[in-house]
Amino acid sequence: MHALKLACGLAGLLGLSIANAIPAGAQGTTYTTIERGRDLVNAGDCASCHTDEGGKPYAGGLAVPTPFGTIYSTNITPDPATGIGKWSEQEFYRAMHDGIRRDGKHLYPAFPYPWFTKVSREDVRAIKAFLDTLTPVRQENKPTELSWPLNVREVMTGWNELYFHEGAFKADPKKSEQWNRGAYLVEGLGHCGACHTATNVLGASKTGEKLKGGDFGEHWYAPSLTSGLRDGLGQWSSAEIVEYLKTGANAKSAAAGPMAEVVKNSTQYLSDADLNAVAAYLKDSPVEKDKATTKPAAVDKQALSRGEALYFDNCTGCHMENGEGLAHAFPPLKGSSAVQAENSDTVVHVVLAGAKMAATPGKLAGFAMPAFDWKLNDTEVADLVNYIRNAWGNHAPLTSADAVSKVRKGIEHAGG
Amino acid sequence: MSKNTRRDILRTTAGAGSVAIASWFGPQARAAEGDSVAAHSVAGRTLSYFTVPEFAFIETAVSRLIPADELGPGAKEAGVAFFIDEQLAGPFGRAETWYMQGPWKEGTPEQGYQLKLTPAQLYRVGIQGIDDYCRRMFNKKTFAELDAGDQDKLLHSLEKGEIELVGAPAKEFFAMLWQNTNEGFFADPIYGGNRDFAGWKLIGFPGPRYNYVNEIEQYGKPYTLPTVGLMGRNASTRRG
Amino acid sequence: MATKLKSVDAVLVGFGWTASILAKELTDAGLQVLAIERGKFRDTVPDFATTHIQDELKYAVRHGLFEEPARETLTFRNSLDQEALPMRHLGSFNPASGVGGAGIHWNGQNWRFLPTDFKIRSHTEARYGKNFIPADMTIQDWGVTYDDLEPYYDKFEYLCGISGQAGNVQGKIQPGGNPFEGPRARAYPLPPLKRSYATVLFDKAAKDLGLKPFPCAAANTSQPYKNPYGVQMGQCTYCGFCEWFACGNYSKSSPQTTILPALLPKDNFSYRTLCDVTRVNLDSTGKRATGVTYVDVQGREFEQPADLVVLCAFAQHNVHLLLLSGIGKPYDPRTNQGVTGRNYAYQITSSVNVFLKENMNPFMGAGALGQAVDEFNGDNFDHGPLGFIGGGYIALWTTGGRPILQQHGAPKGTAKWGGGWKKSMHENYLKSVSVATHGSVMSYRGSYLDLDPTYRDVYGNPLLRLTFDFHDNEYKMSKFETDKAALIAKAMNPQSIKINYREGHYSILPYETTHNTGGAAMGADPKTSVVNRYLQSWDVSNVFVMGSSVFPQNPGYNPTGTVGALAYWAADAIKTKYLKNPGPLVQA
């Protein structure tokens, strides 16, 4: 109701009629629209970026590290001075759809407008309606810490020319309604590819690498969501994908690190229908040859044996002697697509710093794995990681003590 | 937050020993206890609490309590004296978690430890008392200088409380010494004792392991994985 | 000058087992609940992580998870003619400090009391005559029956995921279970733990003697388990570091592993740590509590108002608080008048060391991995010719083989140190186990709690004073049990055994059990009890007291199962009776 008054007030100021400001056919800012907007905001996981650690909800200020420097998320509460309280629905749509903010300047694709461009006008309207109901927070946006020339936003014009494909989602008439709903969510609000697709040096998604795995940064690797049998979702059923997104874990894997945040803030709130749609879409990717080596990596036998000893001394209390974990409790390492991801960063990260499962209503316990950084040196971590990635029929590329050292330094630097 | 202080004026009722205690544990003694003087080092390792002569006593005593023999290293080889040294320099030695408020009374055996002395103080006073006794009884020799037979006899006497020591009850001292020797022989090597898992290998304890799900039903079968400590199979690794 | 805070519906003193149960039940009923805990917050990771928890020196020997006597302890004497002196460091029992309480460092040995236990006085008088009970033995009926509590025992067992074999389901005796137990509605939620070699040998020996052994019920999960609150648990891996340690893989039942994940997210629950409750405050009539006073870690005093006050601290700490707050007339053993502090009891234990011929791998174990016989517990046997009351179970527990403190003794005649001791350790460690007896302790006029006249805690409050010793009845019963245990031990075909009778006065050292009971006895008669059958104070109707403090005497079983059941029973009474009509639930 507050938003409506504001809109009317502004419309009056600017000489616009109410009829122009709010398209015909809309019911106005009804309760249902706001609720729908809340669901969409959950799907888009706005909170994960737009809420700082220990900060006020949606007030921005979270440091988002990129290869080009740090960008700080912005205040999207309806505060008129420092948030988006003054933004019209049209201006908000332009930001979501074109990556252009109210003052006409470009937004950086750390804000995933290349994905949000697909979101329908009506959905964007509902999102704005929900955001307008948030508690306004007076908090200035922090300037970016990008080096020249990237800190000059006009540079994005060129980038968009090369890499940005503007346009709302177009349903594929050959596919089912459920598939299209899943595609709309994954390619749009879900912006899964923002993490799960490899990027080129300019930070744009690599063509032909869609959802085949990507570097989240901070030494977390987002694994492949395509149908690879070894390191993708090829062996996951639709039901398992749904369970994972809804509760944070399934029989095959448990979300850790940034993905646990995604489950906590976003996917646990999706409806069962939407989750099934996402699963249907993801399962429809063609089964490809494993990107990871299909032949066992030439693993040094002595190193494997050292790794096995470390595994028995450190890991069997939860992951068990056969690497199978414990049903409903501890994820298996044997056959795990997360463990066999092409890039070993996530595995190394978890061994060093530990991990906590998302606590959701469906899985309250939020089991945690302790940190081993103080117990194992870089060589030991490398031996151990290489062992679990190549034991029990697993195959994955090797890591090294040097690589572990880099991850260790990166985690320490981040205070994690 | 505790209001207790070692400057409590109330004395023990331990008779002749009480004067010695009061002078030991006035302001000077607070400084002495826990001091790590640079000269306190043995075999290249800096001592945290004991003086060199005190350490000699302890190392000798523990070598009699758990001697080296054909079964393997004894307490001395296992580093138990260093273990005790470190423990006494820490919160245990300072009785940090103990209730150390007065008044101080001699209780029944059932009422447990009622000495005003912290473990660190008990050792200092006890060692002094025993060495004084030895010098009187054995022609100016300290405990460490006696032959093994006399050392053992003396330890037995202490255990039974048959010797009157100045400043500390013999029985209490022996009990604590034996308890700490046991601890040092069997605690994880990160604490300085059980070197190379000497204690664990003597008895067949494999160390801290977290999964015997398969093995527990293999009745009578020996466990074959190598001994491991909190810091791994390399027993000499220290924490931190 | 205490700062007065905003009122809550219910304030709980402590945040261990009973507080977690009460908090969950009362917040489910819509109350705003605050728990105040003197220790710190603890969780499986990082505090109990598998990476560091199996450190015997730090936790078992140096008491890493327990309360610190420097901050609070008690004074102790055996009898009234002695002067009580402080327990200067922990010995006989190990209370906890921190969220989860002793619920994180117990073994998980989980029992129900017998139906006759709850009616011990009336039952004993009926069967053996009034004169069978010594004059100074102050045992009394509980005011609740086994049948009253059965659904709540069930609730606690399904909360915890108890692994066991039922012995009596709805009156039908089940093979392989305890044939003496009271009837239960249904089986345990999980099957028994795997058997260690020693428990298999005990089982055979007991059967050879015509006894009916059974696997002990364990709050160590034999399988992964999701409890009725929706909280998932792992599975015990027999790591052998259970009691005095905490579980690193979510397989020991504790508040953390069974309740907190469902409780902590609730909007109407909050807790404070590092805050010591020093008083329950009463209004000018003395019949109504207005809340509690507590001191935080910086020494600042706060007054926390509440409509309902529940004492959920460890056993004797509840009694201490009642005495400091003037709730209930303090008990005077000389006149046998008063109630608060009355009927303190404990447990009487003994053991038989068994030196076997084969490898037992004692380091593989779980806190409640045991095999027991119950023929000599409660009134399961004819006491007439024996001349004592009570009994206990006899069990072979394989809880671990931790090298410093779990040495199973040495055969008779072994030297206490030196080369001979070393040889004995070498030869016997892998092959020795113990058969234990776990006996009841009755209440007596001379076994009680009050305030010490001399010694103070860090807040200047008088310490609690414990006056307690074993009596002839207990020594007699314990000898009887120990002789039975020796028979079973001999039937295990050992090289030798060593019998350790319980002899001499009760001592505050060494460790025996943390089964302190009484001081706030429950009962039907306000002249001999502090709380009524719903654990509600007779004197102050908005104060309830939880824990083993309410046991009028202590039967021959570990207390936690009954502590949990009583907590659920009291929570139910609060929800269905008290909240609808605050005031005394039982007319005095």
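As the structure is a computational prediction, the values presented were derived from the model and not from experiment. (Residues numbered from 1 in each chain as written. Chains lettered and ligands numbered in written order. Predicted model: local features only at pLDDT ≥ 70, side-chain atom pairs only at ≥ 80, totals over all residues. Heavy atoms only, no water.)

Visitor: Honestly, the interface of chain B and chain A in this entry has me stumped. Any pointers?
Guide: Interface size is commonly expressed as the accessible surface area that is lost when the partners come together. On the chain A side, the residues contacting the 11 residues of chain B number 9 residues. At the boundary of chain B with chain A, total buried surface from both sides reaches about 860 Å², with 44% on carbon and sulfur atoms. Of all residues in chain B, B:Asn211, B:Met231 and B:Arg233 bury the most surface against chain A, accounting for 46% of the area lost on that side. Where chain B touches chain A, the interface holds 2 salt bridges. Ionic pairing is found between A:Asp313 and B:Arg233, a salt bridge with its closest N-O pair at 2.6 Å. Between chain B and chain A we count 5 residue pairs in polar contact (both at pLDDT 80 or more) in total. For the side of chain B that touches chain A, the per-class residue count stands at 5 nonpolar, 2 polar and 4 charged. (Contact = heavy atoms within 4.5 Å. Buried area = accessible area lost by both parts, 1.4 Å probe. Salt bridge = Lys/Arg side-chain N within 4 Å of Asp/Glu carboxyl O. Polar contact = N/O pair within 3.5 Å; in protein donor to acceptor, adjacent residues only side chain to side chain. Nonpolar A, V, L, I, M, F, W, Y, C, P; charged D, E, K, R; others polar.)

Visitor: What is the right way to look at the side chain of A:Asn250 in this model?
Guide: Residue and element names in this part refer to chain A. Residue position: Asn 250 is located in the loop between helix H11 (238-247) and helix H12 (257-265). One polar contact links the side chain of Asn 250 to the main-chain carbonyl oxygen of Glu 240, over a distance of 2.9 Å. In this structure Asn 250 touches Trp 236, Glu 240, Ile 241, Glu 243 and Tyr 244, once residues within four positions along its chain are discounted. (Helix = DSSP H or I, 4+ residues; strand = E, 2+ residues; numbered from the N terminus.)

Visitor: Please explain the domain arrangement of chain A as it appears in this structure.
Guide: For chain A, the domain assignment lists domain 1 (20-163), domain 2 (177-283) and domain 3 (301-410). Computed over C-alpha atoms only, the centres of domain 1 of chain A and domain 3 of chain A are separated by 37 Å. (Domains from an automatic or database assignment.)

Visitor: Please explain the pairing of strand S4 (residues 214-217) of chain A as it appears in this structure.
Guide: Side-chain direction in a regular strand flips from residue to residue, so the side chains alternate between the two faces of the sheet. All names here are of chain A. Of the pairings in the sheet, the one linking S4 to strand S5 (residues 220-222) comprises 3 bridges and is antiparallel in character. Across the sheet, Asp 215 pairs through a bridge with Tyr 221, a residue of S5. Between the end of S4 and the start of S5, which pair antiparallel, lie 2 residues, with Glu 218 showing a positive phi angle near 55 degrees. (Pairing = 2+ DSSP bridges.)

Visitor: Which parts of the structure should I look at to understand the packing of helix H9 (residues 177-189) of chain A against helix H13 (residues 272-283) of chain A?
Guide: When two helices pack together, you describe them by how their axes are tilted relative to each other and by the distance separating the axes. All names here are of chain A. At a closest axis distance of 7 Å, the pairing of H9 and H13 adopts a crossing angle of 90 degrees. The angle between the axes of H9 and H13 places the two elements in the roughly perpendicular class. For the pair H9 and H13, the contacting residues are Gln 178, Trp 179, Arg 181, Gly 182, Ala 183, Leu 185, Val 186 and Glu 187 in the first and Asp 274, Asn 276, Ala 277, Val 278, Ala 280, Tyr 281 and Leu 282 in the second. Class assignment for the residues of the contact of H9 with H13 results in 9 nonpolar, 3 polar and 3 charged. (Axes fitted to C-alpha atoms, helices over the stretch in contact; angles between N-to-C directions. Parallel < 35°, antiparallel > 145°, perpendicular 65-115°, else oblique.)

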